[in-house]
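Residue-level structural notes
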Amino acid sequence: MSDHSEAPVTPVEAYEPPYYVAVFTAVRTQDQSDFGETNARMEDLVKEIPGFLGMDHAQTPGGLGITVGYFRDADALTEWRSNVEHRAAQQRGRAQWYQSYTLHVAKVERSHGFTRAEVPQNSTAD
């Protein structure tokens, strides 16, 4: 959801299924006033939901943003969907920040990941 350029880039880990994903894909409008503050608040708020597992975000050069939220179960996803502050942010998003968006919710039945092992650097000096 936000640009944390100082944080290391790493995807959310592969969890043991089943779990749920909410895939939010959006194109924003020119008027982004207060978006950053609201977005930061939503990131903090969703982390308080029991069963929230993490979030990935990507932005294409053409302006398409994709956010994937991971939730342990449907109850966690429902709690997030019905959160009062989140609902208010959704309304403002439709009124001001988004040109268009889609939301896809899916149950994950298979999941795996890969991380390349770091190769030790040769630290000998010439």
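The structure we're discussing is the one just above.
Everything in this summary refers to the structure shown in the same document. (Residues numbered from 1 in each chain as written. Predicted model: local features only at pLDDT ≥ 70, side-chain atom pairs only at ≥ 80, totals over all residues. Heavy atoms only, no water.)

What follows concerns the sheet that holds strand S2 (residues 52-59). Taken in spatial order, the four strands line up as S2-S3-S1-S4 in an open sheet, and their pairing is antiparallel. Either end of the sheet is taken by a strand with one partner, and the two such strands are S2 and strand S4 (98-108). Strand-to-strand twist in this sheet, taken as the mean axis angle between neighbours without regard to direction, amounts to 15 degrees. Bridge count between strand S1 (residues 19-28) and S4: 10 bridges; the pairing is antiparallel. Bridged to Val27 within S4 is Ser100. The sheet contacts of helix H1 (residues 35-46) involve S1, S2, strand S3 (64-71) and S4, and relative to S2 the element is tilted by about 150 degrees. (Pairing = 2+ DSSP bridges. Helix = DSSP H or I, 4+ residues; strand = E, 2+ residues; numbered from the N terminus. Axes fitted to C-alpha atoms, helices over the stretch in contact; angles between N-to-C directions. Contact = heavy atoms within 4.5 Å.)

Before going further, it helps to spend a moment on the nonpolar core. Membership of the largest hydrophobic core is limited to 11 residues, which are Ala22, Met42, Leu45, Val46, Ile49, Phe52, Phe71, Ala76, Leu77, Trp80 and Ala89. Look past the residues within four positions of Phe52 in its chain and what remains in contact with it is Val46, Lys47, Tyr70 and Phe71. Of all hydrophobic cores here, the second largest spans eight residues; its members include Val12, Tyr15, Val68 and Val108. (Core = buried A, V, L, I, M, F, W, Y, C linked by side-chain atoms within 4.5 Å. Buried < 20%, exposed > 50% of the residue type's maximum accessible area, 1.4 Å probe, protein only.)

What follows concerns the packing of aromatic side chains. This structure, assessed with the given rule, holds eight aromatic pairs. Judged by centre distance (5.3 Å) and plane angle (75 degrees), the ring pair of Phe24 and Tyr98 falls under edge-to-face. Of the two residues, Phe24 is situated in strand S1 and Tyr98 in strand S4; the sequence distance between them amounts to 74 residues. With 5.2 Å between their ring centres and 40 degrees between their planes, Phe24 and Tyr101 make a pair best called tilted. With Phe24 in strand S1 and Tyr101 in strand S4, this pair connects stretches of sequence that are 77 residues apart. On the accessibility criterion, Phe24 (23% relative accessible area) is partly exposed. Three or more aromatic residues joined by ring pairs make a cluster, and in this case those are Phe24, Phe35, Trp97, Tyr98 and Tyr101. (Phe/Tyr/Trp six-rings, centres within 6.5 Å; stacked < 30°, edge-to-face > 60°.)

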